[in-house]
Structure formats: structure tokens, C-alpha cells
Amino acid sequence: MSEYIEHDRDRVSVGIVSKKFFTFAEPPSAMRLESDARLGPVTIAYETYGALAPDRRNAILVLHALSGDSHVAGYYSAEDEKPGWWDCMVGPGKGIDTEKFFVICSNIIGSCMGSTGPSSINPATGRAYGLDFPVVTIGDMVAAQKALIEHLGIERLLCVVGGSIGGMQVLEWCVRYPETVASAIPLATTMRHSALAIAFNEVARQSIMADPNWNQGDYYSGAHPALGLAVARMIGHITYLSDESMRLKFGRRLQDKSDFSFNFDADFQVESYLRYQGRKFVERFDANSFLYITKAADYYDLIKLHGGGSAVRAFSRVRAKFLVISLPRTGSIRPIRPVTSLRRSRRTVSM
Amino acid sequence: MKSGNNLMRYDLQIIASWIEPGSQVIDLGCGEGDLLQYLITQKGVQGTGIEHNEEKVAHCIEKGLSVLKGDINEEVHDYPEQRFDYVILSQTLQQVYEPAVLIRAMLRIGRKGIVSFPNFSHWDIRRQVFFTGFAPISRQLPYQWYDTPNIRVITLKDFRKFVHEVGFKILKEAAINTHSQDRYGKIVRFLANARATYGIFMIGKV
């Protein structure tokens, strides 16, 4: 999520960190997914910062969104140009203080940054899963994270925090494992996607699937559907910004030009920005993972899954204290707010 | 009564004294949470607040309070019936666009309401209008007419009449005269309408 990366002005950071791996659900104990399919073995890539207290009650789980990964903070090496995606927030003396807390972040399953996903090798075939990878849900992602937390010997998380799709995981954690979560900070998220949100994701997915290189997801030994994925990312970037903020950020300003070129190069700054974001994205992300993760986000419906249609009922089993942070109408998509239901079910909530 | 290191405002001291230990309370327009913090720490109250100023909300969260950043007029409708023992609206009624709607909502979500406001019929306010011909400015109503958030002028008599017209009753009232940044004061009974800087009322259903 390179758009969030900023070097700490004071150069304060957790320092050099390393990615770790945890593998579980080896067949015959493969993981049973919400779709009833089975997945195993499952590998989770994760990083931790800070020290786990002797009573193991100072752990904070950070949950990343669509294109994030386990690398929340710090640098992999001294030569690394950029730190983790939330280095400004996670570190010694920072908002999430690694001198006090044991901070964990894992890559969600279905992704492509070390955890098992469509680009991982299927042990049964020796080739990448591709579309043989089962459709995973937010619930499946959280269940896999639970396995990691148990492996680390942690019975109760002090806090789960995450934004957007990470925020959906936060909500799911609170409802699925109520005894495990002491507090939760969902950021800019929703209990379920609206039709508009699904529509944007679908257009993005269609763009990938329409790329001639996509080949039904079987592209790992040849050219990747880079153009389709770039366009998908461009669509995403438009939804992150509101009409007003785009007007302020770009307007109709031209990119390094004084006049139109009368061809189909990028003339406007906004065009140049979108092309750049698309290009950068395909360097680090897998097209199939984009399909799987947006599908999981579209499928997610806390109200239906846990409340039988009632958000109040869904939250009634929750034990965590909440700090809900919303953004004022960012982008085009209005979320379906959990705060109302949290209040109605008498949960402790601040917003 | 102290909240944090400072003596709490006198009107809040009175309000706090009316609330039984262990009550469920919501403070509409809770500011930096001084009253809530006092009630929770000193009286074992379970309280929550709503405040529209983001900086003040951050202060509340820093104090460990459960608070919503939002507009009380909108947010109040999201709470279930009779959720609270007391719904507090202190020093906010003068900024409310639809007071009748809000008062009704307060007594839907709570058994009793506690409302406090600056008294516009204080003798000094009357003196200013009568002798100077300018719109009055006091410690309690310190703004100029053109940049004030206070869109309602309320006197003790106005409020008493209003409560009955909206269909509720007054359970308790205190007219208070304050000084020293409103941190000290006393209850006034004689010629209250003219001598009180603030009115505090507990209201409930008939």
C-alpha cells in the first residue's frame, strides 16, 4: 500500500524486521472453509514487533486491507527504501507503541505476499493453484489468523485494529471470537458492501478477466494480465477519492504539458496519476488475489452471517470495547455503519 | 466537587447531586467529559456522551470515556426506548434548532431529563437591553449577535411553560446564581427569574 508510506521524520522505527511463516492444516486436517471446501496446508506469512508480556495480554493484531501485507512497520534491510505501510503509526513511542505492545500482522489467505493464495503452489499438482484455489471469505481469513494467534500462545488479544477490508476482519473477529478480543478499532469500514461497492469491485474484476493474458487464472508460466490489473487498480483509486477531493487534487490540470496532444497519451494529471498507480500496483500484486479478496469483501455480510438479519443480534454476543473511526464520506461509497447497531445492543462504543 | 484537577462548574455540581449512584446516563453535548468523568468515577454511574467538536471528543476518549462524535439532534434517535435513567442536556438547549423534537427524543430514550441553560431574564440582561439598547452580553451569553451559536433565548418562565406545552412535567428545579467563572454559586429562591444566571430542571413524563 505504497501510497501510505512515509518515512518517519524523526527516523524513529522498529528497525530491521523479518517476515516469518507458520504452516498448519496439513492434510488430513485441512481447514474447512465457509464454502465447505477444504484448504490445506495453509501458510501464513506474518511479522511481529515488540515483546510479548509474560502474561501474554499485551498483543495487538493489525489487520490489513485489500493490497496490504504483513509488513506493517520497519525495514527488511538497511538498503530498504521504504518502511512498512503503517510505520507512522506502529513503532517505539508511536500510536501503537511497540515498547508496550506486542504487535502482530499477518498476510490474509487469498493474498500473494507470503500467505497461501491462488499464486501459491498447490501441493497436489506442483503448480500454482490459480482458480483451483477455493473462494475464501473474511471469516476464513479470520479463522486462519486465529490459528496463528493460538500458535503464538495468545489467548486474549488486547486489541484488533484495521481499516477497510481490515476493518471487516476486525468486526468478524469481535463477533466470531468474542472471548478473545478485549477491544477493537475498526477504521473506515462497513458491515457489508452496498450494491455500489459491489459494482465497482465487479468492474475491476471484469477488467482482469477480460485481459487476454488472464487465461482463466492460469497465467503464472507466461505473461500476466498486467493491463487488466492496472485498470482494476485505477478503478479502486477513483473510489478512494471523492469528487471534491479529486477536483482539488487534479482539477483539469495537464501533466507536464501546456496543451492537448491530440492523441491518447495521458494529458491530464489525473490520467497520469491513475496510470502510474496502476503500473506500480502490478509490480507487486497478483491479479488472481485481487479477484479473491474483492470477492471475499463483497460476500461479507456480518448482519446475515451472525445476526440472522439483525445487526443488533449479531453484536449482542460481542464483549469487546470499540473505538469506531469513520471517514467523512470518502470516495463514492457510503458504508453501512456498525455504530448504530452497537449502540442499540448496548455495547461500549466510542466514535 | 472536582472533576480532574479543577472544581467543576457549579451548574454541573448541582446536576451531579441529582443523579443516584449506579445510574445509566447519557450527556448530550458532553464537551470534554468533565461531568461524565465525575459521575463515573465518584458515583459509579455508567455513562456515555455525544459531542460534535472533534477536539473535545478526543479529550473525552483520552479520559477513557465512551463518546460519540456527532450531532445530538440526529444521533439521539438511534438509541432504544428507555435506555437511560437520565438524559442530560446542559448548556446546550440554547443552540438547538428544534427543542421540542429533542426534548421528546430525550424522554423517549431516558426516564428523566436534566436540562440546564443560561437564564435570559437575569436582571443584568434586562438592564443592558433597557438602558443601553444593545443586545445583551453576559458571562453566560458572551457572544455578539452576529457570531453566536445561541439561537434560542430562554428564561426560566419560558422553559417551565414550554415543558408543559410539550406534554411533560417538571420534577425538580434549581435556579442558581453563579460567580468566579461559574465554579461557585448558590441556589436562589427569592425573585429567582431575575436573580438566577442559570436554570436547571429535571423533567419527566406526566
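Before going into details, it helps to say that this report is about the structure given with it. (Residues numbered from 1 in each chain as written. Chains lettered and ligands numbered in written order. Predicted model: local features only at pLDDT ≥ 70, side-chain atom pairs only at ≥ 80, totals over all residues.)

**Considering the overall build of chain A**
Looking only at helices and strands, one finds 10 helices and 14 strands in chain A. Seen through its C-alpha atoms, chain A measures out along the principal axes to roughly 65 × 50 × 50 Å. Here chain A holds 351 residues, and 45% of them are scored as buried. (Helix = DSSP H or I, 4+ residues; strand = E, 2+ residues; numbered from the N terminus. Buried ≥ 20, exposed ≤ 12 C-beta atoms within 10 Å, placed from the backbone.)

**Digging into the overall build of chain B**
When helices and strands are counted, chain B shows eight helices and 10 strands. For 206 residues, the compact-globule estimate of 2.2 N^0.38 gives 17 Å, and chain B sits close to it at 16 Å. Across the 206 residues in chain B, those meeting the buried criterion constitute 41%. The long-range fraction of contacts in chain B, counting pairs at least 24 apart against all pairs at least 6 apart in sequence, stands at 63%. (Rg over C-alpha atoms; globule rule 2.2 N^0.38 Å. Contact = placed C-beta atoms within 7 Å.)

**With respect to the nonpolar core**
Judged by nonpolar contacts, the single largest core of 89 residues is most densely connected at Val62(A), Val103(A) and Val160(A). Excluding residues within four positions of it along the chain, Val160(A) makes contact with Leu61(A), Leu63(A), Val170(A), Trp173(A), Val181(A) and Ala184(A). Of all hydrophobic cores here, the second largest spans 51 residues; its members include Val25(B), Tyr86(B), Met106(B) and Val163(B). (Core = buried A, V, L, I, M, F, W, Y, C linked by C-beta atoms within 7 Å.)

**Notes on the environment of Phe190(B)**
Relative to the elements of secondary structure, Phe190(B) occurs in the loop between strand E9 (184-188) and helix H8 (192-195). Sequence separation between Phe190(B) and Ala175(B) is 15 residues; the distance between their C-alpha atoms is 9.7 Å.

**Comments concerning the pairing of strand E4 (residues 42-49) of chain A**
Residue and element names in this part refer to chain A. Most of E4 is tucked away: seven of the eight residues are buried. Across five bridges, the pairing between strand E1 (residues 20-24) and E4 is antiparallel. Bridge assignment links Phe21 to a residue of E4, and that residue is Ala45. In this structure, E4 lies alongside strand E8 (residues 102-106), joined through four bridges in antiparallel fashion. Among the inter-strand pairings, Glu47 is bridged to a residue of E8, identified as Cys105. (Pairing = 2+ DSSP bridges.)

**Focus: the pairing of strand E7 (residues 110-118) of chain B**
Residues and elements named next belong to chain B. For E7, the tally of buried residues reaches eight of nine residues, placing the bulk of the element in the interior. Pairing of strand E6 (residues 84-90) with E7 involves six bridges; the strand directions are parallel. Its bridge partner being in E7, Leu89 is matched across the sheet by Val115. Traced from E6 through helix H5 (residues 99-109) to E7, the parallel crossover comes out right-handed. Here seven bridges tie E7 to strand E10 (residues 198-205), and the two strands are oriented antiparallel to one another. Residue Ile114 lies in a different strand from E10, and its bridge partner there is Met202. (Right-handed = clockwise from strand over helix to strand, strands pointing away.)

**What to know about the environment of Val115(B)**
Residue and element names in this part refer to chain B. Positionally, Val115 belongs in strand E7. Along the chain, Val115 and Val101 lie 14 residues apart, while their C-alpha atoms are 14 Å from each other. The contact partners of Val115, leaving out residues within four places of it in the chain, are Leu89, Leu93, Phe201 and Ile203.

**Structural notes on unusual backbone geometry**
Residue and element names in this part refer to chain A. The omega torsion across Pro27 and Pro28 is 10 degrees, close enough to zero to call that bond cis. Among the structural elements, Pro28 can be located in the loop between E1 and strand E2 (31-32). The step from Gly40 to Pro41 runs through a cis peptide bond, and the omega angle for that step is -5 degrees. Mapped onto the fold, Pro41 is located in the loop between strand E3 (38-39) and E4. With a phi close to 60 degrees, Arg56 is a non-glycine residue in the positive phi region. Mapped onto the elements of the fold, Arg56 is located in the loop between E4 and strand E5 (59-63).

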